[in-house]
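Chain and residue survey
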Amino acid sequence: MVSFQQHIKDTFDNAIQHKRCHFFENEIFIKEDHGIKYQINYVPSLAKKAVPSTIHESSDKLRSVHQDKPINPFLCPDPALVVKEVDNYRILLNKFCIIPHHLLIVTKEFQEQSQPLLPPDLLIAWRTMEEAYAKPGVIFYNCGEDSGASQRHKHVQLIPVSDQGVQPPIQEMLNKIDDPKHGEVYSLNELPFVHVLLMLDPRALKSKDDGVVEEYLGQMYFGLLDSMFHQIRLADPSQLQGKKPSYNFIMTDRFMMLVPRRSETGVLTSAQGNELTLSMNSMSFAGYLLAKTEEERDTLQNTPDLMAFLQQLGFDRPDPAVDQSTVATTDAPLAS
Ligand code: AMP
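For the structure given in this document, a descriptive report is provided here. What you are looking at is a predicted structure, and each value in this text was computed from that prediction instead of being measured.

What follows covers the pattern of salt bridges. Evaluated as defined, the whole model comprises 13 salt bridges. Here K154 ties to D121 by a salt bridge, and the two come within 2.6 Å at their closest N and O atoms. Here K154, found in the loop between β8 (138-143) and β9 (155-159), pairs with D121, found in helix α3 (residues 119-132); they are 33 residues apart in sequence, far enough to count as distant. In this structure K154 comes out as buried when scored by relative accessible area, which is 2%. For D121, a relative accessible area of 5% translates into the label buried. Within this structure, E85, R90 and K108 form a network of salt bridges that share partners.

Here it is as structure tokens:
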């Protein structure tokens, strides 16, 4: 029987060959800033792609082409891109990818991308990652209008991490936490924007029992979400009034992290003196920055403080001096 990894490869190769999936060649530049490595992916051909890159753009652009309602590419996806169907989900290849085998897990029925993840969403994301790649990659979810998502239909995403590719920069910082406790919520003083993260317990993740893993991931995620709301309340309570929060979710086999978003875009000034407005999603907090033009690439490369750029996307930390590493604790009951 063909392994799932091989099946993904075959489906990808076939979809590329028949032009149902488009792989955008990219040049990779590694930039180090404040001891953190970022990978700048320069993809000039993306600038010409006639597909919206944000939810804000998506309804306008697609509506004008198709008069009545916006297209939902995930409701009846191209069968050439479907890797697998599991219960209420479809696992798809990303049609426009810059990383081969970038997967999307979409719900079969429409659900809003502004909804939080549910325990079954987390379980399928984790199980898929376990099987899909030779070594664990990154799971991410761009939740809400300002998160950098381009589609409103619920979709969790998975990318492999190659040996050359950078690890999420947070991973390196986590190594600095003394004796990290699984399930305890941390906020790192090095990061100037509001964020919450926790270390996952490998014993729980390795369980073969789906019920155990689903419950564990659900508890971790909702504990983290609670802490994130608490942090937003401290940073800027007005943000929670009458508005669904936007945030980015990143998960590896070691940690989960949430970064609430104030803005979908950040602004950098290029050497030519132009103000460049760059849309960013979870990937930027995982260390991957997308540049579609030379000017964007050079500006990202030369900007002296990428952390300050990321800070524009989120909320300023209330006061890192007062707020020590641990911001809250969740219960992390474990099936041993
Ligand atoms: P996001 O932009 O984070 O909401 O992620 C949505 C992803 O879906 C983007 O990376 C697109 O490349 C991808 N995408 C857009 N249209 C399709 C489609 N018809 N089939 C599969 N993937 C798509």
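Moving on from the coordinates now.
Right, let's get into the nonpolar core. Formed by 49 residues in total, the largest nonpolar core has its most connected members in L103, L200, L217, Y221, F249, M256 and L258. Sorting elements by how many residues they give to this core places helix α6 (residues 210-235) first, with nine residues.

In this section: the site of the ligand. Taken together, 14 residues form the shell around the ligand, and within it N94, N142, S150, H155 and Q157 come nearest. Interatomic distance of 3.4 Å between a backbone N/O atom of Q151 and an oxygen atom of the ligand. Between the ligand and H155, the relevant distance is 2.6 Å, taken from an oxygen atom to a side-chain nitrogen or oxygen of the residue. Surface burial for the ligand is 88%, taken as the share of its 490 Å² of free accessible area covered by protein chains. Of the residues assigned to the shell around the ligand, the class counts are seven nonpolar, six polar and one charged.

Here helix α9 (residues 306-313) has its buried residues at L306, M307, F309, L310 and L313. Buried residues of α9, viewed axially, fall in a sector of 155°; they line one side. A side-chain oxygen of the first residue of α9 lies 3.3 Å from the backbone nitrogen of M307; this N-cap is D305.

So, on to the packing of aromatic side chains. For the structure on display, the rule yields three aromatic pairs. For the pair Y221 and F222, a centre-to-centre distance of 5.2 Å together with 75° between the ring planes defines the contact as edge-to-face. By relative accessible area, Y221 is classed as buried at 0%. A connected cluster of aromatic rings, assembled from ring pairs, spans Y221, F222 and F249. Sitting above the plane of the F4 ring, K84 keeps its charged end 4.8 Å from the centroid. Just above the ring of Y42 sits the side chain of R297; from NZ or CZ to the centre is 4.7 Å.

Rules used throughout
Residues numbered from 1 in each chain as written. Predicted model: local features only at pLDDT ≥ 70, side-chain atom pairs only at ≥ 80, totals over all residues. Heavy atoms only, no water. Salt bridge = Lys/Arg side-chain N within 4 Å of Asp/Glu carboxyl O. Helix = DSSP H or I, 4+ residues; strand = E, 2+ residues; numbered from the N terminus. Buried < 20%, exposed > 50% of the residue type's maximum accessible area, 1.4 Å probe, protein only. Core = buried A, V, L, I, M, F, W, Y, C linked by side-chain atoms within 4.5 Å. Near = heavy atom within 4 Å. Polar contact = N/O pair within 3.5 Å; in protein donor to acceptor, adjacent residues only side chain to side chain. Areas by Shrake-Rupley, 256 points an atom, 1.4 Å probe, with all protein chains shown as cover. Nonpolar A, V, L, I, M, F, W, Y, C, P; charged D, E, K, R; others polar. Arc of directions from axis to C-beta. Phe/Tyr/Trp six-rings, centres within 6.5 Å; stacked < 30°, edge-to-face > 60°. Lys NZ or Arg CZ within 6 Å of the ring centre and 35° of its normal.

Everything listed here is a matter of coordinates, which is why it stays silent on function.
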